[in-house]
Amino acid sequence: MSVRSRFAPAPSGSLHVGNVRTGLFSWAFARHHGGAFVLRVEDTDASRVTEEAVHGVIESLRWLGIDWDEGPDVGGPHAPYRQSQRTQIYRDTTDRLRQQGDVYPCYCTPEELEERRRAALARGEPPGYDGRCRNLTPEERTAFEAEGRPFALRFAMPEREWVVEDLVKGEVRFGPGTLRDFVIVRSDGSPTFLLAVAVDDMLMGITHVIRGDDLLASAPRNAAVIEALGGTPPRYAHVPQVLGGDGKPLSKRHGSTSVEAFREQGIVPEALMNYLALLGWSKDEKTTLLSKQELIEAFDVERVSSNPAAFDTKKLLWMNNRYIQHLDDDDLAARCMHFLAEDGLLPEPQTLRGAMPLVKERLQTLRESVDYLRFLFTDDVEPDEKARAQIEKAGADYLRAAADALAAAEPWTTATIAAALDGVAQAHGLNRTKGWQPVRAAVTGSTVSPPLPESLELLGTEPTVSRLRAAAEAV
RNA sequence: GGUCCCAUCGUCUAGUGGCCCAGGACACCACCCUCUCAAGGUGGAGACACGGGUUCAAAUCCCGUUGGGACUACCA
């Protein structure tokens, strides 16, 4: 039987790195086994879903480099792939479950439930659903019925031991009575996640469910529903949560942890994928850099670690730099263009491309290209505080001398530029470090820039000289 | 409270009874290179949570303790 795995995000809010990491594993698993990967939108709770959120999920996955064979946007043999559009299917299966006696109407109101939960807790007893409506007498039932009480449908969990043969956690056992009857259809008639996942995984022929381990306890419930429907439950693999840099579960206060946020910071998708793949999984004892192809070839769910991993932004940044270094110049230039444009700059393509070799090994993010290269695409190079100090210290005479020397540099190449710079420095008894910094400050407006001669060569003789003269005037 | 999961350097991890007085990567420190910043090179510090077993031998197996976490919803 060929593998079919899926990723089923609930599109409330944005896709954070913990979610995608799980999706990435599921995808890599399907690709590794030459199987099919399905994207399904888990939107049974309509109130928490927005259209943009659904789009955002698809966008983020695509950008990362994950593709799927069936999904809401590409269709497939088991369409539709949005649970909100499968209500008729859930209704039909609910009818069947009801006829079989696997579910029963529960007339308890939310208030009553809450009250009993509190009471149970106070008595030191387990707070789960007490099963009251499971054993209603026919009289009680008709009484509620006559009252016109709204009811939810609960699945009667068979009271036996449930064993999950989990691909990452191993054998997990739940004793009889520890799994309570759960709501499968709300009183407004809408299905819950507990019904929808089971039905969809079965109907869509999912063979392997790879998801977060917060869902471990729902695996036996999912399996119970599928069995009641006459199906065979899929294999489960519950991967641990991703924690924030502080070791605490990922939450809003960790700030920008969405895929979209990393994209906007200038993280390259190849790097994010590589980094995420290594969060809770490893190929062997030494591999840290691996391509998408290598990931697919090597991925094995059995090698997924069973303990939670903390997200380390520093390592991601390091990896991002490694990927940027290996991008070819045209590609890198194209990727930086977006960030430069966002900053209001209109880079000249040839110049931008020529600057790539200069910044490659310096960029931790694509966004940083803006800081390094701004001076090439605007004459507005108001020196920052440190740069100003350098300029003042050098003095007007020095800057004028530099301007003169550079104006005379012929032809305008890194060699002649460096020679001119050195000549001025030497004449004033300065070494390169002290002699070049004022020029850098005056021309780029910063004490930090790509290598000076190369930068000036790209800028051109005229802007270089006039910026130096302007700075001399301003002293 | 109950059920379940988890526990190797600061972080991600390798390790499935002897190859481990524990290997790699990021981060950190030092040095080298050097026009700034990086990148790169070399070296360094740094971990088996604790306590009991089992065994000739345990990071590896068992039990307990402690510490994290999830679930315990008419959220998913």
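Residues numbered from 1 in each chain as written. Chains lettered and ligands numbered in written order. Predicted model: local features only at pLDDT ≥ 70, side-chain atom pairs only at ≥ 80, totals over all residues. Heavy atoms only, no water.

Engineer: I'd like to hear about the overall build of chain A, residue by residue, with values.
Structural biologist: Across its full length, chain A carries 19 helices and 11 strands. A compact globule built from 475 residues would reach a C-alpha radius of gyration of about 23 Å, whereas chain A, at 31 Å, exceeds it by more than 25%. Each of the three principal axes of chain A carries a C-alpha extent, and together these read 105 × 45 × 40 Å. A total of 475 residues make up chain A; the buried ones form 51% of that total. Expressed as a percentage of contacts within chain A between residues at least 6 apart in sequence, the contacts between residues at least 24 apart total 75%. Carbon and sulfur atoms form 50% of the exposed surface of chain A, whose accessible area is close to 22,200 Å². Put simply, chain A has 55 plus and 70 minus side-chain charges, and the middle of one group is 4 Å from the middle of the other. (Helix = DSSP H or I, 4+ residues; strand = E, 2+ residues; numbered from the N terminus. Rg over C-alpha atoms; globule rule 2.2 N^0.38 Å. Buried < 20%, exposed > 50% of the residue type's maximum accessible area, 1.4 Å probe, protein only. Contact = heavy atoms within 4.5 Å. Areas by Shrake-Rupley, 256 points an atom, 1.4 Å probe, with all protein chains shown as cover. Lys, Arg positive; Asp, Glu negative; His and termini not counted. Charge placed at Lys NZ, Arg CZ, Asp CG, Glu CD.)

Engineer: So, the side chain of Gln-437: which residues are in play, and what are the values?
Structural biologist: With respect to the element layout, Gln-437 can be found in helix H17 (residues 432-444). Residue Gln-437 is classed as buried on the basis of its relative accessible area of 16%. Residues contacting Gln-437, with those up to four places away along its chain left out, are Gln-390, Arg-432 and Thr-447.

Engineer: Explain the confidence of the model for chain A residue by residue, including any values.
Structural biologist: Mean pLDDT over chain A stands at 94; residues scoring 70 or higher make up 99%. Across the predicted assembly, pTM comes out at 0.94 and ipTM at 0.95. (pLDDT = per-residue confidence, 0-100.)

Engineer: Give a description of the pattern of salt bridges that names residues and reports values.
Structural biologist: Summed over the entire model, instances satisfying the criterion amount to 36 salt bridges. Between Asp-201 and Arg-40 there is a salt bridge, with the nearest N and O atoms lying 3.0 Å from each other. Here Asp-201, found in helix H6 (residues 193-203), pairs with Arg-40, found in the loop between strand E2 (36-39) and helix H2 (51-64); they are 161 residues apart in sequence, far enough to count as distant. Take Asp-201: its relative accessible area is 2%, and that puts it in the buried class. A salt bridge links Arg-335 to Asp-331; the shortest N-O distance between them is 3.0 Å. Here Asp-331 and Arg-335 lie together in helix H12 (residues 329-342), a separation of four residues that amounts to about one turn. Because the salt bridges share partners, they merge into one network encompassing Arg-6, Arg-40, Glu-42, Arg-86, Asp-200 and Asp-201. (Salt bridge = Lys/Arg side-chain N within 4 Å of Asp/Glu carboxyl O.)

Engineer: An account of the protein's contact with RNA strand B is requested, with residue identities and associated values reported.
Structural biologist: Around RNA strand B, a shell composed of 64 residues is seen, among which Thr-44, Pro-127, Arg-186, Arg-362 and Arg-440 lie nearest. The separation between a sugar or linking oxygen of RNA strand B and a polar side-chain atom of Thr-433 is 3.3 Å. Between RNA strand B and Gln-437, the relevant distance is 3.3 Å, taken from a sugar or linking oxygen to a side-chain nitrogen or oxygen of the residue. Those elements that place two or more of their residues in the surface near RNA strand B are strand E4 (152-155), strand E6 (170-174), strand E11 (309-310), helix H11 (313-325), H17 and helix H18 (452-459). Classifying every residue of the surface near RNA strand B by side-chain character gives 25 nonpolar, 17 polar and 22 charged. (Near = heavy atom within 4 Å. Polar contact = N/O pair within 3.5 Å; in protein donor to acceptor, adjacent residues only side chain to side chain. Nonpolar A, V, L, I, M, F, W, Y, C, P; charged D, E, K, R; others polar.)

Engineer: Quick one: what's the story with the layout of surface pockets, residue by residue and with numbers?
Structural biologist: A volume near 990 Å³ is recorded for the largest pocket. For the largest pocket, the lining is made up of 39 residues, of which Pro-9, Ala-10, His-16, Asn-19 and Asp-214 are closest to its centre. Secondary structure elements with two or more residues in the lining of the largest pocket: strand E1 (4-7), helix H1 (17-32), H6 and strand E8 (208-212). By residue number, the principal contributor to the lining of the largest pocket is H1, which donates four residues. (1 Å grid on protein atoms, 1.4 Å probe; cavity = no way out; pocket = protein on both sides within 12 Å on 5 of 7 lines; lining within 4 Å. Points joined across faces, edges and corners; volume = space filled by probe spheres on them.)

Engineer: Give a detailed account of H6, specifying residues and quantitative values.
Structural biologist: Where burial is concerned, most of H6 is hidden: eight out of the 11 residues are buried. Every buried residue belonging to H6 is among Leu-194, Leu-195, Ala-196, Val-197, Ala-198, Val-199, Asp-200 and Asp-201, and all of these are buried. Those residues of H6 that are buried lie in contact with E1, helix H3 (87-100), strand E7 (182-185), E8 and helix H7 (219-228). At the exit of H6 stands Gly-205, carrying a positive phi of roughly 65 degrees.

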